Amino acid sequence: MILTTHALAGAAIGKTVANPWLIMVIVIPLHYFMDHFRHGEYLDKKMGLRKNYWKIILDISLGLSIIGSVAYFKNFSPVQMFLVFWGAFFSMFPDLLTFLYWKFKIAFLKKPYQLHKWVHKFPPDSPESQWNLRNSVNDILFSLLAIVWLFL
Ligand SMILES: [Zn+2]
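Each residue is numbered by its place in its chain's sequence as written, counting from 1. Per-residue local features of the predicted model are confined to residues with pLDDT of at least 70, and side-chain atom pairs are confined, for both listing and counting, to 80 or more; whole-chain, interface and lining totals are unaffected and use all residues. In computing side-chain values, all of the structure's heavy atoms are included and hydrogens and water are not.

**Regarding empty space enclosed by the protein**
- Here a cavity is any set of points on a 1 Å grid over the protein atoms alone where a 1.4 Å probe fits but cannot get out, and a pocket is any open set with protein on both sides within 12 Å along at least 5 of 7 lines; a residue lines the site when it has an atom within 4 Å of a point. Grid points are joined across faces, edges and corners, and a volume is the space filled by probe spheres set on the points. Applying the stated criterion across every chain yields a total of 1 cavity of 30 Å³ or more.
- By volume, the largest cavity is sized at about 40 Å³.
- Considering the residues around the largest cavity, the lining is formed by Asp35, Phe37, His39, Glu41, His120, Lys121, Phe122 and Ser129.
- For the lining of the largest cavity, the class distribution of residues is 2 nonpolar, 3 polar and 3 charged. Ten residues, namely Ala, Val, Leu, Ile, Met, Phe, Trp, Tyr, Cys and Pro, are considered nonpolar, four, namely Asp, Glu, Lys and Arg, are considered charged, and the remaining ones, Gly among them, are considered polar.

This is the structure in structure tokens:
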């Protein structure tokens with residue numbers, strides 16, 4: 001799923017669970033669980049990183065801005081602030097690991113990389129992985145749920 005969706009889900013967990021370590025233990029497996037749902041991929045693997053990185057920056061910025069806005073409007077305390085961003089960060093973490101393995105082939109990241117690949121039940125070039133509205137339904141649903149939860 002897109003990083004915004006992961007960040008929002010992680011923030012929602014961060015708002016709910018007071019222990020940073022427990023948040024990590026929940027949001028990292030949650031990332032793989034979420035990725036198992038049908039979702040579109042916006043990265044064009046043929047184009048390489050230089051043509052793609054702005055999408056990643058935009059995606060991360062969108063997620064963090066939504067979380068920041070909610071934190072602002074809901075007057076989160078500094079501790080709540082820390083926990084939601086902590087949750088957001090570790091919720092996106094598996095994609096960072098995947099990226100590092102894909103780019104630099106760091107040996108000990110091979111297992112997380114393979115796990116990440118395995119949870120994606122639709123191959124990258126399948127119609128179910130195309131970047132379109134139909135394939136974004138799950139991203140939108142999860143994101144909305146997380147935003148509502150953050151606002152409660
Ligand atoms: Zn992922």
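**Describing the packing of aromatic side chains**
- Pairing of aromatic rings covers Phe, Tyr and the six-membered ring of Trp, with a centre-to-centre limit of 6.5 Å; geometry is then stacked below 30 degrees between planes, edge-to-face above 60, and tilted otherwise. Here the structure, examined in full by the defined rule, presents 12 aromatic pairs.
- Consider the rings of Tyr42 and Trp131, whose centres lie 5.5 Å apart with planes at 85 degrees: the pair is edge-to-face. Highlighted residues: Tyr42 in the loop between helix H2 (20–35) and helix H3 (53–73) and Trp131 in the loop between helix H5 (110–119) and helix H6 (137–151), separated in sequence by 89 residues.
- Taking 4.6 Å as the distance between ring centres and 40 degrees as the angle between the ring planes, the aromatic pair formed by Tyr101 and Tyr113 counts as tilted. Here Tyr113 lies in helix H5 and Tyr101 lies in helix H4 (residues 78–104), a separation of 12 residues in the sequence.
- Since its relative accessible area comes to 11%, Tyr101 is described here as buried. Numbering goes from the N terminus for both helices and strands, where a helix is a DSSP run of H or I of at least four residues and a strand is a run of E of at least two. Throughout this description, buried means an accessible area under 20% of the type-specific maximum (1.4 Å probe, protein chains only), exposed means over 50%, and partly exposed covers the range between.

**Digging into unusual backbone geometry**
- A positive phi angle is found at Asn75, which is not glycine, with a value near 55 degrees.
- Relative to the elements of secondary structure, Asn75 occurs in the loop between H3 and H4.
- Accessibility expressed as a relative area gives 68% for Asn75, which makes it exposed.
- Phi at Lys105 takes a positive value of approximately 50 degrees, unusual for a residue other than glycine.
- Within the secondary structure, Lys105 sits in the loop between H4 and H5.

**Section: the environment of Leu115**
- You can see Leu115 is positioned in helix H5.
- Taking C-alpha positions, Leu115 is 17 Å from Phe104, a pair spaced 11 residues apart along the chain.

**Remarks on the coordination of the zinc ion**
- Only N, O and S atoms count as donors, using a 2.8 Å cut-off from the metal and 3.2 Å for Na, K and Ca, and because water is excluded some sites may appear unfinished. Within the protein, the atoms that donate to the zinc ion are His31 (NE2), Asp35 (OD), Asp95 (OD) and His116 (NE2), at distances of 2.0 to 2.2 Å.
- For the zinc ion, the 4 donor atoms are set out with angles of 82 to 171 degrees between them, so the coordination reads as irregular.
- Each donor residue of the zinc ion lies on one chain, and together they are spaced H-x3-D-x59-D-x20-H. Residue His31 and its partner Asp35 are both found in helix H2; the two are separated by 4 residues, about one turn of the helix.
- A residue is classified by how much of its surface remains accessible, and His31, at 0% relative accessible area, is buried. Four donors are marked tetrahedral only if all angles between them lie between 85 and 135 degrees, whereas four are marked square planar and six octahedral if opposite donors are more than 155 degrees apart and the other angles lie between 65 and 115; the remainder are marked irregular.

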